[in-house]
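Spelled out, the chains give:
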Amino acid sequence: MQFDTLITNANIATMSETFGYTKDTPYGAIHGGVVGIKDGKIAFVGTMDELGTATADKIIDAKQGWLTPALIDCHTHVVYGGNRSNEFEMRLNGVDYKDIAKQGGGILSTVKATRQADFDELYELSLPRFKSLVSQGVGTIEIKSGYGLDLDNERKMLKVAKKLGDDFGITVKKTYLALHALPPEYQGRADEYVKQACEWLKVLHDERLVDAVDAFCESIAFDAHQVGRLFEVAKSLGLPVKLHAEQMSDMGGAGLVAEFDGLSADHIEYLSTDSIVKMAKHGTVGVLLPTAFYVLKETKLPPIDAMRQHGVKMAVSTDCNPGTSPSTSLLLALNMACTLFGLTPEEALAGTTIHASKALGLQDTKGRLLVGMDADVALWQIDRPADLSYLIGQNRLQGLWVAGRQVGR
């Protein structure tokens, strides 16, 4: 068989049930394996003996390194203007996050800076964050709007997100998050703003700039009724939904998004058993954001054991944003998911591969090393997959392929 690329002499964390993942083989691992890539897809996964005679345009010796699916960061706010280190300092001096928001800080300070930046400025500001994620083996990135809060600036953010993906050959899923905060010009008129945000969604969907719809359901943001109005519009447009839910209190948001067959409920520290049951029933992924938990010095842990018991799949993401998670390290999030939330390294890797793909509706094409899947592959110089969660500040990435194309080479 003729391949475009063969990666040989590799240990492979397939994360696929075909190779025993979730059954009797941790990580669905193959030792001394080969991955063959053709036309942007995985065309072979197995051992050299199983492969038999084959040729390739390019043959890469992995030198007993580990291949994993390219990592997936399924919840980010990479595109934004401004800097909020002053708020970081305020929180460390005892000012509560909610109080900062009420004083015009928080999300609204980023809205002001993002509105002031033109397209080119916003692209240049976002570029280092995007490149940093990719440098850690991330081949798919979800990027939200939500710092524009008007039609023109939400459009600007989504276009920047699209250009970043196009320029680097990285899969970018663009999420509309106009219900992130109430902009200053709509203070005291939240329902009117929600109505307007629903109209903007229709426009941006027509412009092919929206892959999914998100909202912030919280006491300092929007309630379940307001979110439901936006979700109804998304449903009418055939767009999947997700939700910032139960980060500071239990507003029932996770149950709401599940009832809309939503992709994910994200943050979920204050998640109730009732919502867990609904998430399990509808296949809604729980997205854990341990870096935000850490930065905010939160003490309420997500109900990990309850989600395990009910079979709710758990993804792990950076939540890269200027206020509560100024991080572009998905590898650090892996470590924090283990040390702070008690995930196993295998669960953490699943949370950034197979379960993260489901959180973006991409489970049929990404997140596993399996014949027919997109050839999104990361090569790591590590002794075992657990090293990705164990090593802090050590990026052992040796190569990254997205749709069969080696990124950065």
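Procedures and definitions
- Residues numbered from 1 in each chain as written.
- Predicted model: local features only at pLDDT ≥ 70, side-chain atom pairs only at ≥ 80, totals over all residues.
- Heavy atoms only, no water.
- UniProt positions renumbered as here; feature names shortened; annotations may be inferred.
- Helix = DSSP H or I, 4+ residues; strand = E, 2+ residues; numbered from the N terminus.
- Salt bridge = Lys/Arg side-chain N within 4 Å of Asp/Glu carboxyl O.
- Buried < 20%, exposed > 50% of the residue type's maximum accessible area, 1.4 Å probe, protein only.
- Domains from an automatic or database assignment.
- Contact = heavy atoms within 4.5 Å.
- Buried area = accessible area lost by both parts, 1.4 Å probe.
- Core = buried A, V, L, I, M, F, W, Y, C linked by side-chain atoms within 4.5 Å.
- Phe/Tyr/Trp six-rings, centres within 6.5 Å; stacked < 30°, edge-to-face > 60°.
- Lys NZ or Arg CZ within 6 Å of the ring centre and 35° of its normal.
- Axes fitted to C-alpha atoms, helices over the stretch in contact; angles between N-to-C directions.
- Parallel < 35°, antiparallel > 145°, perpendicular 65-115°, else oblique.
- Left-handed = near helix turned anticlockwise from the far one by under 90°.
- Nonpolar A, V, L, I, M, F, W, Y, C, P; charged D, E, K, R; others polar.

> Could you clarify how one ought to interpret the UniProt feature "domain: Amidohydrolase-related" (unreviewed entry) in the chain in this entry?
Residues annotated in UniProt with the feature "domain: Amidohydrolase-related" (unreviewed entry) correspond here to residues 67-407. Here residues 67-407 runs as 43% helix and 16% strand, with 15 Å between its end C-alpha atoms.

> What exactly am I supposed to notice about the pattern of salt bridges here?
If charged atoms from side chains of opposite charge come close, those side chains can pair. Inspection of every chain in the model, using the stated rule, returns 21 salt bridges. Two residues, R155 and E207, come together in a salt bridge whose shortest N-O distance is 2.9 Å. In this pair, R155 sits in helix α6 (residues 151-168) while E207 sits in the loop between α7 (190-206) and β9 (212-217), placing the two residues 52 residues apart along the sequence. Residue E207 is classed as partly exposed on the basis of its relative accessible area, which comes to 34%.

> Explain the domain arrangement of the chain here, please?
How big an interface is tends to be stated in terms of accessible area lost as the parts join. Annotation of the chain at the domain level lists domain 1 (2-69 + 367-406) and domain 2 (71-359). The centre of domain 1, based on its C-alpha atoms, is set 30 Å off from the matching centre of domain 2. Every contact between the two is made by 25 residues of domain 1 and, on the other side, 26 residues of domain 2. Buried surface at the junction of domain 1 and domain 2, both sides included, amounts to about 1,800 Å², of which 63% is carbon and sulfur. Taken together, domain 1 and domain 2 are joined by zero salt bridges. Of all the elements in the fold, those that place two or more residues in the side of domain 1 that touches domain 2 are β5 (66-69), β14 (377-380), α16 (387-390) and β15 (397-402).

> Even after reading the chapter, I still don't get the nonpolar core, so can you show me in this structure?
Generally speaking, soluble globular proteins have nonpolar side chains that are buried together. Grouped together as the largest cluster of nonpolar side chains are 101 residues, with contacts concentrated most on F130, I143, Y176, Y193, L201, V213 and M307. Broken down by element, this core gets its largest block of residues, seven residues, from α7. Summarising the domain contributions, this core has at least three residues from each of domain 1 (2-69 + 367-406) and domain 2 (71-359). In this structure, Y193 is in contact with L149, A178, L179, A181, L182, P183, Y186, W200 and F222, ignoring residues within four places of it in sequence. Counting 18 residues, the second largest nonpolar core, distinct from the first, contains A10, I30, V45 and I60.

> Please explain unusual backbone geometry as it appears in this structure.
As a rule of thumb, non-glycine residues mostly have phi less than zero, and peptide bonds are mostly trans rather than cis. Residue T22 is not a glycine yet carries a positive backbone phi of 75°. Here T22 shows up in the loop between β1 (2-13) and β2 (29-38). Overall, the relative accessible area of 52% leaves T22 in the exposed class. The phi dihedral of D39 falls on the positive side, at around 55°, and the residue is not glycine. On the secondary structure map, D39 appears in the loop between β2 and β3 (41-47). Of the residues examined, D39 reaches a relative accessible area of 63% and is grouped as exposed.

> What should I look at first to understand the packing of aromatic side chains in this one?
Ring pairs (aromatic) are described by centroid distance and by the angle formed between their planes. In this structure the tally under the stated criterion is seven aromatic pairs. With 6.2 Å between their ring centres and 25° between their planes, Y193 and F222 make a pair best called stacked. Within this pair, whereas Y193 is found in helix α7, its partner F222 is found in the loop between β9 and α8 (224-236), the two being separated by 29 residues in sequence. In this pair, the class of Y193 matches that of F222, namely buried. Every member of this aromatic cluster is reached through a ring pair, and the members are Y186, Y193, W200 and F222. Taking NZ or CZ as reference, R129 lies 3.5 Å from the ring centre of Y80, over its face.

> What is the right way to look at the packing of α7 against α8 in this model?
The geometry of a pair of packed helices is captured by two quantities: the angle between their axes and the separation between those axes. Packing of α7 against α8 brings their axes to within 10 Å, and their N-to-C directions diverge by 15°. Comparing the axis directions of α7 and α8 gives the class roughly parallel. For α7 against α8, the interelement crossing comes out right-handed. In contact with A190, D191, V194, K195, A197, C198, L201 and K202 of α7, α8 contributes Q226, R229, L230, V233 and A234. Class assignment for the residues of the contact of α7 with α8 results in eight nonpolar, one polar and four charged.

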